[in-house]
Amino acid sequence: MSYRAGKSGLAADIQRKVDANYSTDEGVKCLNWIRSIVDCEEIPGRSEEIDASPNNFYETLRNGILLCKLIDRLFPGRINWSDKTFQTPKIEAMRSMRERERIAMFTTLVQEFGVQETFTFPTESLHEKGVLNLAQVCACIRALGIEAQGKSGYSGPENYWPRKSERNVRKFSEEQLRASQAIISLQYGTNVGANQAGMSFGKTRKIID
């Protein structure tokens, strides 16, 4: 676990707003979904028993193990569990570095899985107290769930997340395209009623010979 010096002033106000964006209901939904994909003891089997308070949500996911197990189930074959990243370090100081490596591995693999980079999060958002952004972590898990639901072989709960929007490509014939060019859009304005009838500004000009 990493810590940064406490924030003050404007930075502290911004962090308080970031913290306020986290929803425990969304946290419960994320943890419950992870539990449905990964068989684990860290998360209770019943959603009403899940503690998704900010600190518990952080403690449950911060070492990166559950997140890596999650992406491994959805995207198998990408993680080498014998790698030193998943070995218990002999030096305690290395533990934090290994945790960060796992989180970074997760965010990299979710992008390969199909999640847009904008929905991922920097490592410190889940690992460093003082700069946590748990709402963004939830957004990433949600995006992963939405993406997973549309993949073949998905074994999790159906329709748990909103359905991913699908492309609606429309094709027009050459004749339809030519016909559209003859239509003047109202964005260009209109000349209906374009005359000066009844218009008068100021005094009329008199010409005297």
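Heads up: these notes are all about the structure in this document. (Residues numbered from 1 in each chain as written. Predicted model: local features only at pLDDT ≥ 70, side-chain atom pairs only at ≥ 80, totals over all residues. Heavy atoms only, no water.)

**Things to note about the packing of helix α4 (residues 65-74) against helix α5 (residues 93-113)**
And step 1. Put simply, α4 and α5 touch, their axes get as near as 9 Å, and they point 25° apart. Between α4 and α5, the angle falls in the class roughly parallel. For the element pair α4 and α5, the recorded crossing hand is left-handed. Two secondary-structure elements touch here, α4 through I65, L67, C68, L70, I71 and L74 and α5 through R102, M105, F106, L109, V110 and F113.
And step 2. A per-class count over the contact of α4 with α5 returns eleven nonpolar, no polar and one charged. (Axes fitted to C-alpha atoms, helices over the stretch in contact; angles between N-to-C directions. Helix = DSSP H or I, 4+ residues; strand = E, 2+ residues; numbered from the N terminus. Parallel < 35°, antiparallel > 145°, perpendicular 65-115°, else oblique. Left-handed = near helix turned anticlockwise from the far one by under 90°. Contact = heavy atoms within 4.5 Å. Nonpolar A, V, L, I, M, F, W, Y, C, P; charged D, E, K, R; others polar.)

**Structural notes on the pattern of salt bridges**
Opposite charge on two side chains permits pairing when their charged atoms draw close.
And step 1. In the structure shown here, the tally under the stated rule is nine salt bridges.
And step 2. The closest approach of N and O atoms between R62 and E59, which form a salt bridge, is 3.0 Å.
And step 3. For E99, the salt bridge identified is with R95, shortest N-O distance 2.9 Å. Note that E99 and R95 are positioned in helix α5 at a spacing of four residues, about one turn of the helix. (Salt bridge = Lys/Arg side-chain N within 4 Å of Asp/Glu carboxyl O.)

**Section: the side chain of D72**
And step 1. Secondary-structure assignment places D72 in helix α4.
And step 2. Lacking a salt bridge, the buried D72 has R73 as its closest oppositely charged neighbour, with an N-O distance of 6.8 Å.
And step 3. Among the polar contacts listed, one links the side chain of D72 to the side chain of W81, at a separation of 3.1 Å. (Buried < 20%, exposed > 50% of the residue type's maximum accessible area, 1.4 Å probe, protein only. Lys, Arg positive; Asp, Glu negative; His and termini not counted. Polar contact = N/O pair within 3.5 Å; in protein donor to acceptor, adjacent residues only side chain to side chain.)

**Here we look at unusual backbone geometry**
And step 1. The phi dihedral of N159 falls on the positive side, at around 55°, and the residue is not glycine.
And step 2. With respect to the helices, strands and loops of the structure, N159 is situated in the loop between α7 (134-149) and α8 (174-181).
And step 3. A relative accessible area of 66% places N159 in the exposed class.

**Quick notes on the packing of aromatic side chains**
And step 1. The full count for this structure, using the stated rule, is six aromatic pairs.
And step 2. Ring geometry for F75 against F113: centres 5.3 Å apart, planes inclined by 65°, an arrangement best described as edge-to-face. With F75 in the loop between α4 and α5 and F113 in helix α5, the pair connects residues that are 38 residues apart, well separated along the chain. Note on accessibility: F75 and F113 belong to one class, buried.
And step 3. An aromatic cluster is built from W33, Y160 and W161, whose rings are joined through pairwise contacts.
And step 4. One residue, K29, lies across the ring of Y160, its end atom 5.4 Å from the ring centre.
And step 5. Seen from the ring of F75, R78 lies directly overhead, with NZ or CZ sitting 3.8 Å from the centre. (Phe/Tyr/Trp six-rings, centres within 6.5 Å; stacked < 30°, edge-to-face > 60°. Lys NZ or Arg CZ within 6 Å of the ring centre and 35° of its normal.)

**Concerning the nonpolar core**
And step 1. Counting 43 residues, the largest nonpolar core has W33, F57 and L144 as its most contacted members.
And step 2. For this core, the secondary-structure elements that each account for two or more residues are α2 (24-37), α3 (54-61), α4, α5 and α7.
And step 3. If one sorts the elements of this core by residue count, α7 sits on top with nine residues.
And step 4. For L144, the residues in contact, after removing those within four places along its chain, are W33, L70, I71, L74, F106, V110, F113 and V115. (Core = buried A, V, L, I, M, F, W, Y, C linked by side-chain atoms within 4.5 Å.)

**Points about the packing of α5 against α7**
Helix packing geometry: the angle between the two helix axes and the distance between the axes.
And step 1. Relative to each other, α5 and α7 sit at 35°, their axes nearing to 10 Å. Where α5 crosses over α7, the two elements pack in a sense that is left-handed. The residues of α7 that touch α5, namely those facing F106, V110 and F113, are C140, L144, E147 and A148.
And step 2. Its residues assigned to classes, the contact of α5 with α7 comprises six nonpolar, no polar and one charged.

**Here's the deal with α4**
And step 1. Within α4, seven of the ten residues are buried, which leaves the element mostly enclosed by the surrounding structure.
And step 2. Elements in contact with the buried residues of α4: α2, α3, α5, α6 (124-127) and α7.

**Some thoughts on the environment of V131**
And step 1. In this structure, V131 sits in the loop between β2 (128-129) and α7.
And step 2. Taking the relative accessible area as the measure of exposure, V131 reaches 13% and is therefore buried.
And step 3. Taking the C-alpha atoms as reference points, V131 and A12, separated by 119 residues in sequence, lie 9.8 Å from one another.

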